[in-house]
Amino acid sequence: VEGCTQLLANVDVPILEIGALNPNSIGMSVGVDYGKAINKIITHLANASLKNIALLCTPANNTMFRQVLSGWNTSMLALNRSPHRVVTTHLPSTITTGVNTFRDMMITWDDLDALICTSDEMACGCMLACHSAGIKIPNTVSIASLGGGALSMVCSPSLTTVEFPWSEIGIRAGKALLDLLNDVPGEKFIEIPSTLKVRASTPH
């Protein structure tokens, strides 16, 4: 990754990063702050008096992964909650991975009362594992995710999630790239806010 960054830095072309807002970008960066996104979920769960919260992560780019873990640690410690309940899997971010990983997590942490997943697919897999084990959502375990895709509204129960405005990010990135190509000065970092959508998988 560092080698690619160095190569790009030496090429005289406009560079625009999209996705996780990257404060170390060698060009422009348009995207969301994953640290702020996960803080929104943690704050919501803490306000619902949930204490034993865990985080389930899947493969991601370095910027996103660092932001998620930094936001997780900072938010949990600020609430005097332990940040040690973190599982990082190298398996694909799928429903099947969620099902299988959740079973192992409940064996390790049988007092778990809330879980945050870094994708809607994984969260829905965890829900299926709960249904199979007779674990009630959100009465026994609350589940939330980062993503906000269509899946979050059709799984059962509907999924509390932080939605990322990818359409707006794409539009802003397109305009920023046109400005770069036309030598029009603009902001180096453009942060697009994410939105917490509270649904039936967590207490309201």
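Computed from a prediction, not measured in an experiment: that's the story for all the values here.

What should I look at first to understand the pairing of strand E3 (residues 53–57) in this one?
Residues in a regular strand point their side chains to alternate faces of the sheet. Of all 5 residues making up E3, 5 are buried, and the element is well covered by its neighbours. Going residue by residue along E3, you find Ile 53, Leu 55 and Cys 57 tucked away on one face and Ala 54 and Leu 56 tucked away on the opposite face as well. Inspection of the sheet shows E3 paired to strand E5 (residues 114–117) by 4 bridges, in the parallel sense. Within the sheet, the bridge partner assigned to Leu 55 lies in E5 and is Ile 116.

So what exactly am I meant to see when it comes to the side chain of Thr 202 here?
As for its placement among the helices and strands, Thr 202 is situated in the segment after strand E9 (195–197). Sequence-distant contacts of Thr 202, that is, excluding residues within four places in its chain, are made with His 44, Leu 45, Pro 138, Ser 142, Ile 143, Ala 144 and Thr 160.

Quick question: what am I supposed to make of the sheet that holds strand E2 (residues 28–32) here?
Think of a sheet as strands paired side by side through backbone hydrogen bonds, with each pair either parallel or antiparallel. If you trace the 3 strands from one edge of the open sheet to the other, you get E1-E2-E8, paired in parallel fashion. One side of each edge strand has no neighbouring strand; the edge strands of this open sheet are strand E1 (16–20) and strand E8 (189–191). Averaged over neighbouring strand pairs, the angle between their axes works out to 15° when direction is ignored. Where E1 and E2 come together, 5 bridges link them in parallel fashion. Its bridge partner being in E2, Leu 16 is matched across the sheet by Met 28.

When you look at the pattern of salt bridges in this model, what are you seeing that I'm missing?
Pairs can form between side chains of opposite charge once their charged atoms are near each other. Enumeration according to the criterion identifies 3 salt bridges in this entry. Residues Lys 36 and Glu 191 are paired through a salt bridge, measuring 3.1 Å at the closest nitrogen-oxygen approach. Here the residue Lys 36 occupies a position in helix H2 (residues 34–47), and Glu 191 occupies one in strand E8, the gap between them amounting to 155 residues. Given the relative accessible area of 36%, Glu 191 is considered partly exposed. For Glu 163, the salt bridge identified is with Arg 199, shortest N-O distance 3.1 Å. Taken together, the residues Glu 163 in strand E7 (residues 160–163) and Arg 199 in the segment after E9 connect sequence positions 36 residues apart. You can call Glu 163 partly exposed: its relative accessible area is 21%. Classification of Arg 199 by relative accessible area gives buried; the value is 13%.

Rules and cut-offs
- Note on numbering: residues in each chain are counted from 1, in written sequence order.
- Only residues with pLDDT of 70 or above have their local features reported here, since the model is predicted, and side-chain atom pairs are shown and tallied only from 80 upward, although totals for entire chains, interfaces and linings are computed over all residues.
- Computation of side-chain values: all heavy atoms of the structure, hydrogens and water removed.
- A simple rule labels every residue: compare its accessible area, found with a 1.4 Å probe on the protein chains alone, to the largest value its type can have, and call it buried under 20%, exposed over 50%, or partly exposed in between.
- Put simply, DSSP marks the helices as runs of H or I at least four residues long and the strands as runs of E at least two long, and each gets a number from the N terminus on.
- For two strands to count as paired, DSSP must find a minimum of two bridges between them.
- Any pair of residues with heavy atoms lying within 4.5 Å of one another is described as a contacting pair.
- Lines are fitted to the C-alpha atoms to define the axes, a helix being fitted only along its stretch in contact, and any angle between axes, read from their N-to-C directions, falls within 0 to 180 degrees.
- Here a salt bridge means any side-chain nitrogen of Lys or Arg lying within 4 Å of a carboxyl oxygen belonging to Asp or Glu.

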